[in-house]
Amino acid sequence: METEFEKIRTAIEPYRRRIMEHPLYMAIGDPADIKTFTQFHVFAVWDFMSLLKALQNNLTCTRVPWVPVGDADTRFLINEIVVGEESDVDENGKRCSHFEMYLRAMEQCGADTSHMQHLLSGLQKGLSVQEALKAAAVPEEAQSFVNFTFAAIAQNKPHILAAVFTFGREDLIPGMFYALVNELNQRFPGMLSAFKYYLDRHIEVDGDHHSHLALEMTARLCGNDPQKWQEAADMAVESLKARLGLWDGALRAIHAYKTVDMG
């Protein structure tokens, strides 16, 4: 008998395969292409943190006065993931969130971080996410991706958040991309070492330990409720469709850049 996780994996497999085999990876041939890629991917790195904190807000008590929320095992799972994502160790041994680590990698290779910085500034001034995205002139595909994430957050259903987190975020960059970055880092020393370190941490922390914790958390939140498992599967599929849209946008931007550069 097929387990609930196997049903979800069957449902997402066609979309997962399209992500793993996306032509975006083969289009990346030099640091300029990496810059363009990061200028799209950074929004997925950023809104991942909001997805994570939404889970923490739902599964633990983040208000005062404190009262116990949920079961201690689920609290432990999400809190351990938060610690790793929000206060990891960078390549210099200093505490740093994965998002801040990514921004530093972008700065090292000369990628444009202005759209992300304007987004953060708009949010700090009180703009809504949608307003801040538009004011920062974030690429349309990145706006769509972020809007999907925040629409999922707005449903305020922990099992849906866990499904998007578990199946839409972990282990979605194939080994060929890591190999490509390693090669480019050797060919262009001093430009991509921070990005390579970020990817290494992604493999070591997100793709292994955290993925197991996320699976356990999803199982606990769905429990024996068939409707919750179906909703989790549906949102897992939608999250991968959103990722494909983001990757399509990055690929178009790389092709556009190359066309202008050749012209």
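Residues numbered from 1 in each chain as written. Predicted model: local features only at pLDDT ≥ 70, side-chain atom pairs only at ≥ 80, totals over all residues. Heavy atoms only, no water.

Colleague: Pulling in residues and values, what's your account of the environment of Ala 54?
Modeller: Inspection of the secondary structure puts Ala 54 in helix H3 (residues 31–59). C-alpha of Ala 54 to C-alpha of Ile 153: the two residues are 99 residues apart in sequence and 6.6 Å apart in space. Not counting the four nearest positions on each side in its chain, Ala 54 is found in contact with Ile 153 and Leu 161. (Helix = DSSP H or I, 4+ residues; strand = E, 2+ residues; numbered from the N terminus. Contact = heavy atoms within 4.5 Å.)

Colleague: How would you sum up the pattern of salt bridges? Please name residues and give values.
Modeller: Under the definition given, this model contains 14 salt bridges. Put simply, Asp 73 and Arg 220 hold a salt bridge, and the shortest N to O gap is 3.1 Å. One end of the pair, Asp 73, is in helix H4 (residues 72–86); the other, Arg 220, is in helix H11 (residues 193–222), and 147 residues separate them in sequence. Its relative accessible area of 44% is what places Asp 73 among the partly exposed residues. Its salt-bridge partner being Glu 216, residue Arg 220 comes within 3.6 Å of it at the nearest N-O pair. Remark: Glu 216 and Arg 220 occur in helix H11; sequence separation between them is four residues, near one turn of the helix. The class for Arg 220 is partly exposed, based on a relative accessible area of 38%. In the salt-bridge network here, residues are joined through shared partners; they are Asp 71, Asp 73, Glu 216 and Arg 220. (Salt bridge = Lys/Arg side-chain N within 4 Å of Asp/Glu carboxyl O. Buried < 20%, exposed > 50% of the residue type's maximum accessible area, 1.4 Å probe, protein only.)

Colleague: Run through the side chain of His 22, naming residues and quoting values.
Modeller: Mapped onto the elements of the fold, His 22 is located in the loop between helix H1 (4–20) and helix H2 (24–27). Excluding anything up to four places from it in sequence, His 22 contacts Leu 244, Trp 247, Asp 248 and Leu 251.

Colleague: Tell me about the packing of H3 against helix H9 (residues 158–169), and name the residues and values.
Modeller: Taken N-terminus to C-terminus, the directions of H3 and H9 make an angle of 145°; their axes are 10 Å apart at the nearest point. Judged by the sense of rotation from one axis to the other, the crossing of H3 with H9 is left-handed. Packed against H3, whose contacting residues are Ala 44, Asp 47, Phe 48, Leu 51, Leu 52, Ala 54, Leu 55, Asn 58 and Leu 59, the element H9 presents Pro 158, Leu 161, Ala 162, Val 164, Phe 165 and Arg 169 at the interface. For the contact of H3 with H9, the residue count by class is 12 nonpolar, one polar and two charged. (Axes fitted to C-alpha atoms, helices over the stretch in contact; angles between N-to-C directions. Left-handed = near helix turned anticlockwise from the far one by under 90°. Nonpolar A, V, L, I, M, F, W, Y, C, P; charged D, E, K, R; others polar.)

Colleague: Any chance you could break down the packing of H3 against H4 for me, citing the residues and the numbers?
Modeller: Relative to each other, H3 and H4 sit at 150°, their axes nearing to 10 Å. In terms of axis orientation, H3 runs roughly antiparallel to H4. In the crossing of H3 with H4, the sense of the turn from one axis to the other is left-handed. The segment H3 lies against H4, with Phe 48, Met 49, Leu 52, Lys 53, Leu 55, Gln 56 and Leu 59 engaging Thr 74, Arg 75, Ile 78, Asn 79, Ile 81, Val 82, Glu 85 and Glu 86. (Parallel < 35°, antiparallel > 145°, perpendicular 65-115°, else oblique.)

Colleague: Can you tell me about the side chain of His 41, naming the residues and giving the values?
Modeller: Inspection of the secondary structure assignment puts His 41 in helix H3. Among the polar contacts listed, one links the side chain of His 41 to the side chain of Tyr 102, at a separation of 2.8 Å. (Polar contact = N/O pair within 3.5 Å; in protein donor to acceptor, adjacent residues only side chain to side chain.)

Colleague: With reference to specific residues and values, describe the environment of Ser 144.
Modeller: Mapped onto the secondary structure, Ser 144 falls in helix H8 (residues 140–154). A C-alpha to C-alpha distance of 9.7 Å links Ser 144 and Leu 133, two positions 11 residues apart in sequence.

Colleague: Can you break down the environment of Ser 114 residue by residue, with the values?
Modeller: Among the structural elements, Ser 114 can be located in helix H6 (residues 114–124). Ser 114 gets classed as partly exposed once you look at its relative accessible area, which sits at 27%. On a C-alpha basis, the gap between Ser 114 and Val 138 in space is 9.5 Å, while along the polypeptide they are 24 residues apart.

Colleague: I'd love a proper account of the packing of aromatic side chains, names of residues and values included.
Modeller: For the structure on display, the rule yields 10 aromatic pairs. On the numbers, 4.9 Å between centres and 85° between planes, the contact of Tyr 102 with Tyr 198 is edge-to-face. Within this pair, whereas Tyr 102 is found in helix H5 (residues 98–109), its partner Tyr 198 is found in helix H11, the two being separated by 96 residues in sequence. Taken together, the ring pairs connect Tyr 25, Phe 37, Tyr 102, Phe 177, Phe 195, Tyr 198 and Trp 247 into an aromatic cluster. It is Arg 243 that lies over the ring of Trp 247; its NZ or CZ is 5.0 Å from the centre. (Phe/Tyr/Trp six-rings, centres within 6.5 Å; stacked < 30°, edge-to-face > 60°. Lys NZ or Arg CZ within 6 Å of the ring centre and 35° of its normal.)

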